[in-house]
Amino acid sequence: MGRKKVVKAKEPIRFRFKTLKNGNTSIYLLKYDPDTDANHHYSYEHLKLFLVPEVDEAARVQNINTMQAANAIKAQRLIEYANGKAGLKTKRRLAKNLLLIDWIKKYRDEKQKLGQSKSNAVTINNVLLHLIKYKGDKVTMAQVTKEYCKGFILYLANGKTIGTDKPTFGQHHEKPMAKSTARLYFNTFVTALNEAVREGVLEMNPTAKLKKEEKKPIQRGSAQRGFLEVEEVKALANTPCPDTTVKMAFLFSCFCGLRISDIKTLKWGEIKSRSDGWVIEKLQVKTQQAINVPLSANALEWLPDRGQAKDESLVFALPSYFTINRYVKRWAKEAEIKKDVTFHIASHSKFFYLLNISELSILKNVTANDLETSYILFLSQLCNIQRTL
């Protein structure tokens, strides 16, 4: 019988040498990690140590000392590598018993520490509640498989919002979930699992195994976004609202295109005077992108009197989102508007259809993250809506 071939395990950290133009040799560590992405199994660390040509005894001793230092670094890296592997295995072993809802709570709390908005925290909380409604609160991270994720998509596609049959103050009626909401919740779920992969809790995100057709139940359909026509805005302007501040903030949003989250957090110091007029300079709550919004005379008309308010004071002292929309719905009903009107729809008012889209080429000093918002901002800068009204 022939001798069995012995296959040596690949050493995870090895020396590599590179001869330089000056005759010295640079020392590197080549690191191999089979658990990383296929295109990134290998990485290099430059030790900033150099061997010199051994022209005499002093050079030879210097090289011995240099290699001793290099071996010490290599030994330390091997210890770190071994500890890292052991830690990763421990994390994945613990993941078998870690509850999914506990991980979602941890993810939510970490995001809040990093300064994410309250609306994101509300979204994560809603995902948490829907996960419990879907399969209960005892599902472990190890049980979050492709089939579990596929079932969650079907649950969201046919599910209802968190609510009650007889809501009290601050509560909502249960109603069919919009596809856009279902997508938001599923994408939030995917992001939380991605974080679990980065933390070593999961080896891979099971949602990555889903086929495109398996996500189809919550994909974007052909439904159009709600909006207000000019005549509807005119009707609202001429109709009393149960809360004057809500009315002013809503109509201000119609003329500047800001989201409700940006209206609620708008401070007087973010409204600035320039040689060519007034502008808003602030970070968007949702995207954390800086925006520069020129204000038309119509928008300025719906600003409250500043009085002695400081720069850090809020422009609009608005109640909760629930209370705002309760007032807006009652106001829209009084104005005989048949649409389902919420504050969010204010930033979709289609005044921009009064202009030709080609005029966007002369847009200046306006920044936004999509064409629609740019169009709204363009109109608020260059067009006096009152002429149309």
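So, how was this worked out
Starting afresh in each chain, residues are numbered from 1 along the sequence in its written order. Per-residue local features of the predicted model are confined to residues with pLDDT of at least 70, and side-chain atom pairs are confined, for both listing and counting, to 80 or more; whole-chain, interface and lining totals are unaffected and use all residues. In computing side-chain properties, one takes all heavy atoms of the structure into account and sets aside hydrogens as well as water. Fitted lines through C-alpha atoms serve as axes, helices being fitted only where they are in contact, and the angles separating the N-to-C directions of these axes extend from 0 to 180 degrees. Under the DSSP-based scheme used, a helix requires at least four consecutive residues in state H or I and a strand at least two consecutive residues in state E, with every element numbered from the N terminus. With respect to orientation, any angle under 35 degrees is reported as roughly parallel, any angle over 145 as roughly antiparallel, any angle of 65 to 115 as roughly perpendicular, and every other angle as oblique. Two residues qualify as a contact provided that any one of their heavy atoms is within 4.5 Å of a heavy atom in the partner residue. Basically, the charged four are Asp, Glu, Lys and Arg, the nonpolar ten are Ala, Val, Leu, Ile, Met, Phe, Trp, Tyr, Cys and Pro, and anything else, Gly included, counts as polar. Buried Ala, Val, Leu, Ile, Met, Phe, Trp, Tyr and Cys residues that are joined via side-chain atoms within 4.5 Å together make up what is termed a nonpolar core. Each residue gets one of three labels from its accessible area relative to the maximum for its type: buried under 20%, exposed over 50%, partly exposed in between, using a 1.4 Å probe on protein chains only. A pair of strands is considered paired only if DSSP assigns at least 2 bridges between the two. Take the residue count of a helix, subtract one, and multiply by 1.5 Å to get its expected span. Counted as a polar contact is a pair of N or O atoms within 3.5 Å, where, for protein atoms, one must be capable of donating a hydrogen and the other of accepting one, and residues adjacent in sequence contribute only when both atoms are in side chains. How sure the predictor is of each residue is captured by pLDDT, a score from 0 to 100. Only Phe, Tyr and Trp rings are paired, with Trp represented by its six-membered ring, and only when their centres lie within 6.5 Å; those with planes under 30 degrees apart are stacked, over 60 edge-to-face, the remainder tilted. We call a charge positioned above a ring when the Lys NZ or Arg CZ atom is no farther than 6 Å from the ring centre and deviates by at most 35 degrees from the ring normal.

1. Description of the packing of helix α7 (residues 244–256) against helix α10 (residues 321–334)
- Across the interface, α7 lies against α10 with an axial gap of 10 Å and an inter-helix angle of 85 degrees. What the angle tells us is that α7 and α10 run roughly perpendicular. From α7, Val246, Lys247, Phe250 and Leu251 reach across to α10, where they touch Ile324, Tyr327, Val328 and Trp331.
- Classifying every residue of the contact of α7 with α10 by side-chain character gives 7 nonpolar, no polar and 1 charged.

2. What to know about the nonpolar core
- Counting residues in each nonpolar core, the largest one holds 38 residues, and the members touching the most others are Phe250, Phe252, Ile263 and Phe316.
- Mapped by element, the contributors of at least two residues to this core are α6 (230–237), α7, α8 (260–264), β6 (290–294) and α10.
- Per element, the largest residue contribution to this core is 9 residues, and it comes from α7.
- Counting 32 residues, the second largest nonpolar core, distinct from the first, contains Trp103, Val127, Ala192 and Leu202.

3. Quick word on the pairing of strand β1 (residues 13–19)
- Both β1 and strand β2 (residues 25–32) contribute to a ladder of 7 bridges, which runs antiparallel. Each bridged residue has a counterpart across the sheet, and for Ile13 the counterpart in β2 is Lys31.
- In this antiparallel pair of consecutive strands, β1 and β2, the connection spans 5 residues, and Gly23 shows a positive phi of 95 degrees.

4. Section: α7
- In a regular helix each residue adds 1.5 Å, so 13 residues correspond to 18 Å; α7 covers 18 Å between its end C-alpha atoms and thus fits that length.
- Here α7 lies mainly inside the structure; 11 of its 13 residues are buried.
- Every buried residue of α7 is accounted for by Val246, Lys247, Met248, Ala249, Phe250, Leu251, Phe252, Ser253, Cys254, Phe255 and Cys256.
- If you check the start of α7, you find a side-chain oxygen 2.9 Å away from the backbone N of Thr245, and it comes from Asp243.
- Of the residues flanking the end of α7, it is Gly257, one or two places downstream, whose phi is positive at about 80 degrees.

5. Remarks on the confidence of the model for the protein
- Averaged over every residue, the pLDDT of the protein is 79; the share at 70 or more is 75%.
- In the model, residues 350–389 has pLDDT below 50 throughout and makes 73 contacts with residues more than four positions away in sequence or in other chains.

6. Re the packing of aromatic side chains
- Enumeration according to the criterion identifies 9 aromatic pairs in this entry.
- Measuring from ring centre to ring centre gives 5.0 Å for Tyr134 and Tyr148, while their planes differ by 65 degrees; the resulting arrangement is edge-to-face. Within this pair, whereas Tyr134 is found in helix α3 (residues 118–135), its partner Tyr148 is found in helix α4 (residues 146–158), the two being separated by 14 residues in sequence.
- Residue classification places Tyr134 among the buried residues on the basis of a relative accessible area of 15%.
- Summarising the aromatic geometry, the rings of Tyr134 and Tyr155 are spaced 5.8 Å apart at their centres and angled 40 degrees between planes, so their arrangement reads as tilted. Note that Tyr134 is positioned in helix α3 and Tyr155 in helix α4, a separation of 21 residues in sequence.
- Above the ring of Tyr327, the side-chain terminus of Arg326 is found at 5.6 Å from the ring centroid.

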